[in-house]
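Architecture at a glance
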Amino acid sequence: RHRDSVTNLVGFSPCAAGLRHDIGRLADHDINVLLEGESGTGKELIARIIHQSSRRRAGPFVGVNCAAIHESLLESELFGHKSGAFTGAREATVGFLRAANGGTILLDEVGDMSEPLQSKLLRVLEERVVIPVGGTEGEPIDVRVIAATNKDLARAVHEGTFRRDLYYRLNVVRIHVEPLRRRKEDIPALVEY
């Protein structure tokens with residue numbers, strides 16, 4: 001069985017080797033990463049491996065599926081909220097970004113995020129400060145952002161549905177994750193694993 005002990009990435013294909021190389025390059029660099037690929041290609045697994053290979057491995061890894069959380073709740077879930085910020089907000093919450101402080105946050109399906117939330121996320125990435133919903137004071141954060149999408153974000157930028165400035169903030173390093181049908185030589189190793 002072939003299993004890379006550093007990255008836990010199974011496979012012999014040039015695609016798997018390329019992913020291992022890219023992950024190795026990122027290990028010592030604390031930069032944002034954009035993972036692109038079809039649904040089901042293992043983008044979350046790759047994000048976890050990047051985190052585990054980085055200097056942030058002792059910190060938390062927080063995965064957030066932006067498409068699975070209703071838009072009206074996503075802001076509160078990401079940035080947290082103060083008690084009484086909205087109907088039903090009985091207690092303050094820290095939010096996913098502050099929960100990932102010192103570690104890595106995966107923003108899965110980031111291409112589904114609304115434009116107002118894209119603007120707020122951009123500000124967090126620029127200032128490294130989170131203002132909870134209903135709050136006025138910013139709280140500093142130290143978090144690495146890995147964004148994942150099954151959409152062509154470059155096209156979304158061109159079409160005006162995704163902010164260009166946010167795209168460039170997230171796309172410091174871009175990794176395309178190929179589907180298994182394009183790396184069939186990995187199937188035996190995956191089956192054995």
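Residues numbered from 1 in each chain as written. Predicted model: local features only at pLDDT ≥ 70, side-chain atom pairs only at ≥ 80, totals over all residues. Heavy atoms only, no water.

Section: the overall build of the chain
A tally of helices and strands in the chain yields eight helices and seven strands. Taking 2.2 N^0.38 as the reference for a compact globule, 193 residues should give roughly 16 Å; the C-alpha atoms of the chain span a radius of gyration of 18 Å, in line with that estimate. Counting only C-alpha atoms, the chain reaches 55 × 40 × 30 Å along its principal axes. By the burial criterion, 46% of the 193 residues in the chain qualify as buried. (Helix = DSSP H or I, 4+ residues; strand = E, 2+ residues; numbered from the N terminus. Rg over C-alpha atoms; globule rule 2.2 N^0.38 Å. Buried < 20%, exposed > 50% of the residue type's maximum accessible area, 1.4 Å probe, protein only.)

Points about the side chain of serine 13
Following the sequence through the fold, serine 13 ends up in the segment before α1 (14–26). Overall, the relative accessible area of 1% leaves serine 13 in the buried class. Engagement of the side chain of serine 13 in a polar contact is seen with the side chain of aspartate 186, the distance being 2.7 Å. (Polar contact = N/O pair within 3.5 Å; in protein donor to acceptor, adjacent residues only side chain to side chain.)

Brief notes about a nonpolar patch on the surface
A contiguous nonpolar surface patch, about 320 Å² in accessible area, is contributed by Leu180, Ile187, Leu190 and Val191. As for its placement among the helices and strands, leucine 190 is situated in helix α8 (residues 187–192). (Patch = residues over 30% accessible without salt bridge, like charges linked within 9 Å, V, L, I, M, F, W, Y side chains within 5 Å. Areas by Shrake-Rupley, 256 points an atom, 1.4 Å probe, with all protein chains shown as cover. Salt bridge = Lys/Arg side-chain N within 4 Å of Asp/Glu carboxyl O.)

What to know about helix α3 (residues 71–79)
Residue pairs three or four apart in sequence face the same way in an α-helix, which turns once every 3.6 residues. Among the residues of α3, Leu74, Ser76, Leu78 and Phe79 are the ones counted as buried. Buried residues along α3 sit in contact with β2 (61–65), α4 (95–99), β3 (104–108), α5 (115–127) and β4 (129–130). A positive phi of about 80° marks glycine 80, the residue just after α3. (Contact = heavy atoms within 4.5 Å.)

Thoughts on α1
Taking 1.5 Å of rise per residue, the 13 residues of α1 would be expected to cover 18 Å, and the 18 Å separating its terminal C-alpha atoms lies within 8% of that figure. Of the residues making up α1, those classed as buried are Ala16, Leu19, Arg20, Asp22, Ile23 and Leu26. Taken end-on, α1 shows its buried residues confined to a sector of 165°, consistent with a single buried face. Exposed positions of α1 whose direction lies more than 90 degrees from the buried face are Pro14 and His21. Residues of α1 that are buried in the fold lie against β1 (33–36), α2 (43–53), β6 (144–149) and β7 (173–176). (Expected span 1.5 Å × (residues − 1). Arc of directions from axis to C-beta.)

A closer look at the sheet that holds β2
Note: strands within a sheet are paired through backbone hydrogen bonds, in either parallel or antiparallel orientation. In spatial order, the strands read β2-β3-β6-β1-β7; together these five strands make up an open sheet with parallel pairing. Only two strands of the sheet have a single neighbouring strand rather than two, namely β2 and β7. Between one strand axis and the next, the sheet turns through 20° on average, direction left out of account. With five bridges connecting them, β3 and β6 associate as parallel partners. Bridge pairing in β6 links isoleucine 105 to valine 145. Together, β1, β6 and β7 form the strand contacts of α1, whose direction differs from that of β7 by roughly 160°. (Pairing = 2+ DSSP bridges. Axes fitted to C-alpha atoms, helices over the stretch in contact; angles between N-to-C directions.)

Some points on unusual backbone geometry
Of note, glutamate 109 is a non-glycine position whose phi angle comes to about 55°, a positive value. Its identity is not glycine, yet arginine 128 carries a phi of approximately 55°, on the positive side.

Notes on the pattern of salt bridges
A full pass over the atoms with the stated rule returns 14 salt bridges. With a closest N to O distance of 2.4 Å, aspartate 112 and lysine 151 form a salt bridge. Of the two residues, aspartate 112 is situated in the loop between β3 and α5 and lysine 151 in the loop between β6 and α6 (153–159); the sequence distance between them amounts to 39 residues. Residue lysine 151 is classed as partly exposed on the basis of its relative accessible area of 38%. One continuous salt-bridge network, built from bridges that share partners, spans Asp30, Arg56 and Asp142.

With respect to the confidence of the model for the chain
For the chain, mean pLDDT is 89; residues scoring 70 or higher make up 92% of the total. Highest mean pLDDT in the chain belongs to β3 (98); lowest belongs to α8 (87). Ignoring residues within four places in sequence, the model shows residues 1–7, a span with pLDDT below 50, making 15 contacts including any to other chains. (pLDDT = per-residue confidence, 0-100.)

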